[in-house]
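So the chains spell out like this:
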Amino acid sequence: MLARGKRGGCARARISRTETAISCMLLLLMAGIGVAIYAKGQIYDPSLYRPELTALSKQAPTEAHPVESRTDQPASAGAQMPAPGVGTQPASPPGLLDNLAPTGWKPLENVTHFTADTLYEKIDGRAEEYLDYKFVGLTCVSLVNAQDSKQFIDVYLYDMGQPAQAFGVFSVERTEGLPAVTLGREGYRAEASYFFWKGRYYVQVLGSGKGAAIEQIGLNVARTLEKRLKDDGKPLWGFKALPEKDRIPGSIQYFVKDAMSLDFMKETYIALYRKGDAKVTAFLSKQPSGETAAKTLASYEGHMKKYGKVAEKRETDAYTLISADMGGAFDVVFRKGNLIGGVSMVEDLSMAEKAALDMLAGLRDKD
Amino acid sequence: MDMRITRVRLISQIFFIGLALFFAFITQFSYLKGYPVSLFLEVDPLVAIASSITTHTLYRSLIWSLVILIPTLVLGRFFCNWICPYGTLHQFVGWLFSNRGPRGVKERLESNRYRKWFALKYYILIGMLVAAAFGSLQIGLLDPICLFFRSLTISVLPAVDMASGWIYVQPFVYQFAWVVGPILIFFVAMNLVIPRFFCRVLCPLGALLGLLSRVSLWRIERDEQRCDNCKLCLQRCQGASDPHTALRKSECLVCFNCLDDCPHGALGFSMLPSSPHHEVAVPDLSRRRVIFAGLTGLLFFSFSRASGEITKNFKKEVMRPPGSTAEPEFLERCAKCGQCMRVCPTNVLQPAMLEAGVEGIWTPVMNMKMGYCELNCTLCGQVCPTGAIQKISIAQKLGVGEFTDLGPVKTGTAFFDQGRCLPWAMDTPCVVCQEVCPISPKAIFSREVEIVNRWGKKITLTRPFVDPTLCNGCGICEHECPVKDYRAIRVTAVGETRSRDRSLLLK
Amino acid sequence: MDRREFLKRAAGAGLAIAGSALGAAWLYDPRGGAEYFRSEENKKTASLKSYRVDRGKGAVEMTVVRGKDPEKMMRAGIQAMGGIGSFVQKGDVVLIKPNVAFDRAPALGATTSPDVLKAVALLCKKAGARKIIVADNPINQPEGCFFKSGIQQAAADVGAEVMLPKPGAFSLVKIGGEILKTWSMFHRPLEHATKVIGVAPCKDHNLCSASMTMKNWYGLLGGRRNQFHQQIHTVIADFAQMIRPTLVVLDATRVLMQNGPTGGRLSDVQEADTLVIGTDMVAVDAFGYTLLGRDPEKLEYIHKAEARGLGSTKWKEQNWREVLAG
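Everything numeric in this text was worked out from a predicted model, so none of it was measured.

Each value, and the rule that gives it
Residues numbered from 1 in each chain as written. Chains lettered and ligands numbered in written order. Predicted model: local features only at pLDDT ≥ 70, side-chain atom pairs only at ≥ 80, totals over all residues. Heavy atoms only, no water. Helix = DSSP H or I, 4+ residues; strand = E, 2+ residues; numbered from the N terminus. Buried < 20%, exposed > 50% of the residue type's maximum accessible area, 1.4 Å probe, protein only. Contact = heavy atoms within 4.5 Å. Areas by Shrake-Rupley, 256 points an atom, 1.4 Å probe, with all protein chains shown as cover. Phe/Tyr/Trp six-rings, centres within 6.5 Å; stacked < 30°, edge-to-face > 60°. Core = buried A, V, L, I, M, F, W, Y, C linked by side-chain atoms within 4.5 Å. pLDDT = per-residue confidence, 0-100. Pairing = 2+ DSSP bridges. Right-handed = clockwise from strand over helix to strand, strands pointing away. Axes fitted to C-alpha atoms, helices over the stretch in contact; angles between N-to-C directions. Patch = residues over 30% accessible without salt bridge, like charges linked within 9 Å, V, L, I, M, F, W, Y side chains within 5 Å. Salt bridge = Lys/Arg side-chain N within 4 Å of Asp/Glu carboxyl O. Parallel < 35°, antiparallel > 145°, perpendicular 65-115°, else oblique. Left-handed = near helix turned anticlockwise from the far one by under 90°. Nonpolar A, V, L, I, M, F, W, Y, C, P; charged D, E, K, R; others polar. Buried area = accessible area lost by both parts, 1.4 Å probe. Polar contact = N/O pair within 3.5 Å; in protein donor to acceptor, adjacent residues only side chain to side chain.

Q: Any details on the overall build of chain C? Residues and values, ideally.
A: The helix and strand inventory of chain C stands at nine helices and twelve strands. For chain C, buried positions account for 60% of its 326 residues. Taking all contacts inside chain C whose residues are at least 6 apart in sequence as the whole, residues at least 24 apart take part in 74%. A total accessible area of about 13000 Å² is found for chain C, and carbon and sulfur atoms account for 53% of it.

Dropping the structure here:
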């Protein structure tokens, strides 16, 4: 196109000013179009490329469709749940067990409530343990399958007043070896029953019988309830104060009294540790004051003298440490400020003392 | 370096064909962003006018066609030689294979002579517009922009990718590429016989713009005093518009080559004709042929609708992209441009041949063997210039948020072929279909059965079923089914939400 | 004909004859065996080396980390295992293999959380890794999956290279499993890798009950993966034979409790705020199964793998730690 047949004969050797001006304007117009297209390319609705989560969160509740396990099961298993994930509002305590029944299930009676005075009416002798842990109130309800009244789920919601108390009663009731579940701060499952603690609540969701179906329903009830419970998430003191290294997970327990079966050991956290092939118990307690701590130490010393032989007593400005041979195994106890701690039933004295000293070193007075 | 208008025109052609190829390349998930990749189709006046005839509305961005339409009314068919990428392609190929030297002058003069049968494009246009008046949009078959992008999508880009691997992540193929590709090659090759063959003989858009040029104020003007009838202005005349005698306004492509080629400077671009018999404003059409063309358009519509593919005999394989309008309206809107097929990330959209009837040639249908409809994707609707596929959000497609009452968009329903399904017919575990079903809760559920197999062993099989209330026809189950030749679960069109007529369940 | 012409022609003919003879000799295939009919051993296959690191007896093999911040959690967990330096050294090329199988938003729990991926990558970078590759062969469309799951952005944020499963990136690999002897694998990411870390979400699965760190390796395979479902538990056990990674991380920050492996609703997902880091994928999966509230005794593929000596389901008896992190 650029080659001209007769170059010499072309009379358009000179281009008029108008033509040049128009040409320039057209070139600018093209440049402008290019820029405009590039700019337009950067403006787009991002939800086209990424599904909007706000839209997702407003999805219809699961009411219309059964919650599925891997495959469909007979009718009782296809029970439906009120939507767990949608618009959960923390309910005020009175309503925590309302509307908990899956579709096809119903509460046997109204939700019942028990105080410290009436707790024994519901759980007899076991009430004492809860009362030790400063129990505040129990709310419970029994859910039953409308089509098969032999299937039931009992829900017990214990308000223990403080997270440490809720954890305490959870930890002393826990049996070793049961599969853990992620419910609340910690939880586990036994057949179709679920146990967990969250904030100041300790919860038992007890399902009848066994099998994947009832397990699933129980789990859903537990989850729904769990979402309604408030928890500020602050870690418990004992979890951080007890050393973490080599600690056997799930072994921490909080005793409000009679820790390690010693009647003077109150408000004590104990945990198991792995040392080589052996398991070692370590304990730690924050006493109300230096005096009570000293008194406890004295009691412990008395216990050591009565049932064993004191090997060493060390006193410094910061702490007092006593180690004793309790008949084949060693106990080491120390007091630092208002803290009492130590190790129990360790076979090797030097290892016991080292462990106790390590614990001491990890502590600060105002922990 | 002077700034003559022909130079600028050349730059403009390169710019716009570059832009068109750029759009064709970036029309895919990773690059698309907000680029107006269907811009050429949206400014195409034929697409705008024909679709407004069929639907009685002007869809969204088609209003941009005024940007081409209005200047055409003033300046003539500048679009054909300044913007149209297909025109540029023809001109380039013609130039490449022409005899450019001084010895070819006579040949070139002869090839750029006006021929009577260049009027064919007007008859084609009329036929198509009459068909449009009755509700069938067929301009897409020969509209140059639609043809250009469609050919790129279906034939050219897959071929380029086969050679280089630059276009797709995993290679895309399109059925009937063996038809669309050769058609493109044929039209382009015809430039060796007659330059700008397609533009002069077949292009309905060119015909439309030619008719609109009738009222144009500016045109090529020949100064009779200077002209010595050497006819050298025909050397590179693109439109074969007889600038050497009475200019055929409807054929002139405003390429300005004649201005450069005239040795006497007798040609110019001016507003008012010095004498009226210097221009032929209206194309050379015979009334009989016009009526014949119109009748063809009408009969085409009647006979194709009478074949029943839209209504009674609708084919189960014709599943349209999500967000499509119901079939009669779809055929009023689809310009067969192939943009949806290009942007679709899974290669499920394929050009139909006759599955959707003769009106539906090259319209998009889903082929689940080749792909499936990705759940969180509505890209096809974003690039559709005419609204055959509506621009829906992902929330609307899934039926969530504010669209919960409306429910999800369904393009069909899946059905099991229990004679081919492994756990149903062959005592073999599988349920890939259930695994990949993207809906929650899954639209495929299962029941466990215990059977004794042929060797006397008790085995448990998981047998799948479709829940039609939940299935949205996306087809990933069919796509992933291991019975690869003829899948044991197949999606068909019934149950699609775009058509009440084709629904399956009572709401 | 003159002499010259004769010589020219004779030379030409001679060359042509020699050429044909040599060509025929070079191409000659007396057995006529087509590619398909050759036995598996004769096919050209690659082999995977072991990416395990020997840290000696007494090293901590698994940590369970609880917390809200994935970066803090990864650091604390790896610290409890002896620090990232014992796994990744300066100059290593690390392949991080997430699960990007579906085009889901991260909150739907069907894919690896981008924050966890970033946390793993940052640790590797700190240890001096030369290059980090993020790769997966998704079930949905690759570009969409990497983008919508947030993994593409996460990789860009840490300077990792994303490898997409283009056709040329696959090779036939010898696996030597019970069902999978050789298979087409997405091999390019592994070509230069010196360490491999699998990062898998914890998901319910409609067929094999749970998709965790063992099932994650499905995403390295190509070909007719949709046939695995016919013997799914044996095939998953084969995965543990196929690859011996440096580490696996079970991303249980969210757990997909039902409607897996695709999920689709927020109500299918539970926040579990847990990461499980381990060197034995069988043990990690055994523990991970409890996060779904199920009994590991009932998960078939981990027991199949254990029976073949590919790992141990008795995570409790191994040297493991529980860590609370920020």
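Q: Break down the packing of aromatic side chains for me, with residues and values.
A: Applying the stated rule across the entire model yields 46 aromatic pairs over all chains. Note on A:Tyr156 and A:Tyr158: the rings are 6.3 Å apart at their centroids and 15° apart in plane angle, and the pair reads as stacked. Both residues of the pair, A:Tyr156 and A:Tyr158, belong to the buried class. Summarising the aromatic geometry, the rings of B:Phe134 and B:Phe301 are spaced 5.9 Å apart at their centres and angled 25° between planes, so their arrangement reads as stacked.

Q: Can you break down the nonpolar core residue by residue, with the values?
A: Among the nonpolar cores identified, the biggest contains 229 residues, and A:Val155 and C:Phe239 are the most heavily contacted of them. Residue contributions to this core peak at nine residues, all from helix H1 (residues 5-26) of chain B. Setting aside chain neighbours within four positions, we find A:Val155 in contact with A:Leu97, A:Leu100, A:Thr139, A:Cys140, A:Val141, A:Leu143, A:Gln204, A:Val205, A:Val221 and A:Leu225.

Q: Would you mind going over the confidence of the model for chain A in detail, with residue names and values included?
A: All names here are of chain A. Of the residues in chain A, 84% have a pLDDT of 70 or more, and the chain-wide mean is 79. Throughout residues 1-9 the model reports pLDDT below 50, and contacts reaching past four residues in sequence, or to other chains, amount to 13 contacts. Segment residues 58-92: pLDDT under 50, and 67 contacts once partners within four positions in sequence are set aside and those in other chains are kept.

Q: Lay out the pairing of strand S4 (residues 131-135) of chain C with the relevant residues and their values.
A: Residue and element names in this part refer to chain C. Among the five residues that make up S4, four are buried, leaving the element largely enclosed by the rest of the structure. In the sheet, strand S3 (residues 93-98) pairs with S4 via four bridges, with the strands oriented parallel. What sits directly across from Leu95, in S4, is Ile133. For the handedness criterion, the β-α-β arrangement of S3, helix H3 (residues 114-126) and S4 is classed as right-handed. Pairing between S4 and strand S5 (residues 161-163): three bridges, direction parallel. Looking at the pairing, Ala135 lines up with Met163 of S5.

Q: Give a description of the sheet that holds strand S13 (residues 330-336) of chain A that names residues and reports values.
A: All names here are of chain A. Read across the open sheet, the seven strands follow the order S8-S9-S10-S14-S13-S12-S11; overall the sheet is antiparallel. For this open sheet the edge positions go to strand S8 (253-255) and strand S11 (309-315), each flanked by a neighbour on one side alone. On average, each strand axis in the sheet is tilted by 20° relative to the strand beside it, whichever way the strands run. In this sheet, strand S14 (residues 339-346) lies alongside S13 in antiparallel orientation, the contact comprising six bridges. Among the inter-strand pairings, Val333 is bridged to a residue of S14, identified as Gly342. The sheet strands contacting helix H5 (residues 163-173) are S8 and strand S9 (268-275), and the helix crosses S8 at an angle near 110°. Strand contacts of helix H9 (residues 349-362): S9, strand S10 (278-286), S11, strand S12 (320-325), S13 and S14, with the helix running at about 20° to S13, the strand carrying the most contacts.

Q: Please give an account of a nonpolar patch on the surface that cites residues and values.
A: Residues and elements named next belong to chain B. A contiguous nonpolar patch, built from Leu58, Ile63, Trp64, Leu66, Val67 and Ile70 and spanning about 560 Å² of accessible area, is present on the exposed surface. Tracing the backbone shows Ile63 in the loop between helix H4 (45-55) and helix H5 (66-75). Looking at Ile63, the relative accessible area reads 48%, which means it is partly exposed.

Q: Give a description of the side chain of C:Thr234 that names residues and reports values.
A: Residue and element names in this part refer to chain C. Along the polypeptide, Thr234 turns up in helix H7 (residues 232-242). Owing to a relative accessible area of 7%, Thr234 belongs among the buried residues under this scheme. Apart from residues lying up to four places away in sequence, Thr234 is in contact with Glu178, Ile179, Lys304 and Arg308.

Q: Give me the lowdown on the sheet that holds strand S1 (residues 46-47) of chain C, citing residues and values where you can.
A: Read across the sheet, three strands follow the order S1-S6-S7 (chain C) without closing on themselves; strand pairing throughout is mixed. Lying at the two open borders of the sheet, with one neighbouring strand each, are S1 and strand S7 (182-186) of chain C.

Q: Hey, could you go over the packing of H7(C) against helix H9 (residues 300-307) of chain C for me, with residue numbers and the actual values?
A: Residues and elements named next belong to chain C. The N-to-C vectors of H7 and H9 enclose an angle of 50°; their axes lie 8 Å apart at closest approach. The angle between the axes of H7 and H9 places the two elements in the oblique class. The hand of the H7/H9 crossing is right-handed. Across from His233, Thr234, Ile236 and Ala237 in H7, the residues of H9 making contact are Glu300, Tyr301, Lys304 and Ala305. Grouping the constituent residues of the contact of H7 with H9 by class yields four nonpolar, two polar and two charged.

Q: Account for the interface of chain C and chain B, naming residues and giving values.
A: Facing 32 residues of chain C, the contacting portion of chain B comprises 35 residues. Summing both partners gives a buried area of about 2700 Å² for chain C against chain B, and 50% of it is carried by carbon and sulfur. When residues of chain C are sorted by the area they lose upon contact with chain B, C:Gln141, C:Glu143 and C:Gln230 head the list and together hold 21% of the total. At the junction of chain C with chain B, the criterion picks out 21 residue pairs in polar contact (both at pLDDT 80 or more). Here the side of chain C that touches chain B takes five residues from helix H4 (residues 142-148) of chain C, the largest share from any one element.

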